[in-house]
Amino acid sequence: MDPTYLQKMYQYRVSNSWCVWRTFDRGNTSKTVDIWGYALDSLLHDLMLGSEHRTFDPEEADFFYVPHQASCFPFPIMGWSSFPYFPSPAISRVGNMVTIVSEVQQYISQSYPFWNRTGGKDHIFLFTHDEGACWAPNTIKDSIFFTHWGRKDFPHASNTAFEADLYDRDFSDPKYLPQGFVKAIQGHACYRPEKDLVIPAFKSPTATANSPMLGHPDCRTQGPLFHQHLLMDHFAAALTMDGGKDPERDGKEEREEENRDGNEEKNKEIASKSTTIKSKDETQNCINNNCSGNSTASDISRKLLFTKKNDRPTKRASVPAPFSLESIFTNSFPTYPAYHSMSLLFFRGDVGKHRKPNYSRGVRQKLYAKSVKDDWLKKYRIRIGSNSDIHGSYSEMLAKSLFCLVAAGDGWSPRFDDAIQHGCIPVVIQDGVDMYFQQMFNHSEFSIRIQEKDVERLPEILLAISPIRIRELQANIRRGWERFCY
């Protein structure tokens, strides 16, 4: 790319903390930025520049990474300094992004011979905006997309509740874009698993301040990962003590006892092989340390894919009426104050109180309304709400939760990152959407999937998950969590 292209992008941004993953202060010191959700644009570019896999000889290259910073373009620059620095005046946020990516493709195809050799199939574009590469120009549809949004359905329509980002609502300019931009983006999927890759978003190290994975003392000694065996034993007891025998289980106790003994031995073996929690000094953050180590993607996949499907309990447990999670937490762990504030499931964020119905595909709104109506907090220790509903350290609450909700927002949401990096089991409710590295990892080994139509059955579904299964999920998170940070 022409060096002045991105230089103009950075020079004319409205705030110095936008469009970047870190800022520089006096004395050549720097600090990470925690308010820019699309920060991977600049971080991945920096990592590529310093990568040992980079070559200065294009003839040696297997792939060509194309930095374009389109996610920076629509908001910080639009309306202030679009034209004449870019080829058209501000028309719409998505229209501007389409314009910039189209200009990038034209520049590299006209300036270098490598695009035309393959039609761009070996060129990589990163799309960090809410709806990922759904709006990518057709001229690059055969290229490789790195994205946070693994939506697979086709044909597709924009589902953002933020109208300025609707990619199927056309805008035009009589001089610079008379045909509009929608025609230029129609006809391709947002994401194709055979060529594209869903990758994690960048999270500032400050976002994991209380993570037990980073050795936070309170969470190491009082969080669910530390006392998971005690906690899950009490869950198991509550699910089986209903004042009498379950008719469906009559005559099966001995066989189930044998199975439990076998699973306990297997679980001890799992725990003995699990990665130990690193100290805070050893993992100050994932940028200063090499999170990926020397293992390849296939190596970590082999580590994660260890549970035989037939070994998992498949019988659904019933929730006994006389027992509640409240009594389990408060009566079972009186010496651990942290457990008085623990959650079976946690979500804090935009729950769509002032949003259009299609926001989050309606998932967050339904869960919030149902949790308030049926008092899920008191009955099940399920905490779902906005910042005004739930107070306290977000990182600490994640670390003190067994399950964490992963629901869409206007598109992708970093909730999966939040969960994994705090040792919390992700509960993904996004039909037809792949999560990070799903071609490489078996996500059923460290996360739960629930269909959108079943959201109101959330407590029932979570309480039917066996303690052994939960231990397996937690053990796998400990083994692979570093693969989801930078």
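Provided above is the structure to which this section pertains.
This write-up is about the structure you can find in this document.

Cut-off values and rules
- Residues numbered from 1 in each chain as written.
- Predicted model: local features only at pLDDT ≥ 70, side-chain atom pairs only at ≥ 80, totals over all residues.
- Heavy atoms only, no water.
- Helix = DSSP H or I, 4+ residues; strand = E, 2+ residues; numbered from the N terminus.
- Buried < 20%, exposed > 50% of the residue type's maximum accessible area, 1.4 Å probe, protein only.
- Contact = heavy atoms within 4.5 Å.
- Pairing = 2+ DSSP bridges.
- Axes fitted to C-alpha atoms, helices over the stretch in contact; angles between N-to-C directions.
- Disulfide = S-S within 2.5 Å.
- Phe/Tyr/Trp six-rings, centres within 6.5 Å; stacked < 30°, edge-to-face > 60°.
- Core = buried A, V, L, I, M, F, W, Y, C linked by side-chain atoms within 4.5 Å.

With that out of the way, let us pick up the overall build of the protein. Along the protein, the regular secondary structure elements total 17 helices and 13 strands. Here the protein holds 486 residues, and 52% of them are scored as buried. Considering only residue pairs separated by 6 or more positions, the protein has 70% of its internal contacts joining residues 24 or more positions apart.

The next subject is unusual backbone geometry. Pro155 follows Phe154 through a cis peptide bond whose omega is 0°. Along the chain, the position of Pro155 falls in the loop between strand E6 (150-151) and helix H6 (182-185). Even without a glycine there, the phi angle at Gln69 is positive, about 60°. Its place among the elements puts Gln69 in the loop between strand E3 (64-66) and helix H3 (73-77). The exposure class of Gln69 is buried, given its relative accessible area of 3%. The phi dihedral of Arg381 is positive, around 60°, even though this residue is not glycine. Secondary-structure assignment places Arg381 in the loop between helix H13 (376-380) and strand E9 (382-385).

For the rest of this paragraph, the subject is the side chain of Asn476. In this fold, Asn476 is placed in helix H17 (residues 467-480). Classification of Asn476 by relative accessible area gives buried; the value is 1%.

Turning next to the sheet that holds strand E8 (residues 343-348). Ordered by their spatial adjacency, 5 strands build an open sheet running E9-E8-E10-E11-E13, and the pairing between neighbours is parallel. The two strands at the open ends of the sheet, each matched to only one other strand, are E9 and strand E13 (448-449). Docked against the sheet, helix H12 (residues 363-373) engages E8, E9, strand E10 (401-407) and strand E11 (425-429), running at close to 125° with respect to E9. Along the sheet, H17 contacts E10, E11 and E13; its crossing angle with E11, the most-contacted strand, is approximately 105°.

Along the chain, Ala369 falls in helix H12. Take Ala369: its relative accessible area is 44%, and that puts it in the partly exposed class. Separated by 16 residues in the primary sequence, Ala369 and Lys353 have C-alpha atoms spaced 9.5 Å apart.

Another aspect to go through is the state of the cysteines. Considering all chains together, one arrives at 2 disulfides under this definition. The disulfide bridge from Cys134 ends at Cys190, spanning 2.0 Å between sulfur atoms. What sets the handedness of the Cys134 and Cys190 disulfide is the S-S torsion sign, and at about 110° it is right-handed. Of this pair, Cys134 sits in the loop between strand E4 (123-127) and strand E5 (144-147) while Cys190 sits in the loop between H6 and strand E7 (197-198), placing them 56 residues apart in sequence. Grouping residues by exposure puts Cys134 and Cys190 together as buried. Bridging Cys404 to Cys424, the disulfide has an S-S length of 2.2 Å. Handedness of the Cys404-Cys424 disulfide follows from its S-S torsion of about 105°: it is right-handed. Here Cys404 is found in strand E10, whereas its partner Cys424 is found in the loop between helix H15 (415-420) and E11, with 20 residues between them in sequence. When its relative accessible area of 0% is taken as the criterion, Cys424 is described as buried.

Below, the discussion takes up the packing of aromatic side chains. In this structure the tally under the stated criterion is 15 aromatic pairs. Here the aromatic rings of Tyr436 and Phe484 are separated by 6.5 Å at their centres, their planes lie at 40°, and the arrangement is tilted. With Tyr436 in the loop between strand E12 (433-434) and E13 and Phe484 in the segment after H17, this pair connects stretches of sequence that are 48 residues apart. Of the residues examined, Tyr436 reaches a relative accessible area of 1% and is grouped as buried. For Phe484, a relative accessible area of 2% gives the class buried. Relative to Phe484, the ring of Phe441 has its centre 5.8 Å away and its plane inclined at 70°; by these criteria the two rings are edge-to-face. Placement of the pair is Phe441 in the loop between E12 and E13 and Phe484 in the segment after H17, with a sequence separation of 43 residues.

Counting residues in hydrophobic clusters, the biggest one holds 92 residues, and the most contacted among them are Trp135, Ile384 and Phe403. Per-element tally for this core: the top contributor is helix H4 (residues 93-111), with 7 residues. Other than its neighbours up to four places away in sequence, Phe403 contacts Leu344, Leu345, Phe346, Cys424, Ile425, Val427, Ile448, Leu462, Ile465 and Ile470. Ile390, Leu398, Ala419 and Cys424 belong to the second largest nonpolar core, which has 7 residues in total.

Moving on: the sheet that holds E3. Note: strands within a sheet are paired through backbone hydrogen bonds, in either parallel or antiparallel orientation. Spatial strand order, E3-E4-E5-E7: 4 strands in an open sheet with parallel pairing. Where the open sheet ends on each side, the last strands, each with one partner, are E3 and E7. Lying over the sheet, helix H2 (residues 40-49) contacts E3, E4 and E5, oriented at roughly 145° with respect to E3. Along the sheet face, H4 touches E3 and E4 and points at about 165° away from the line of E4.

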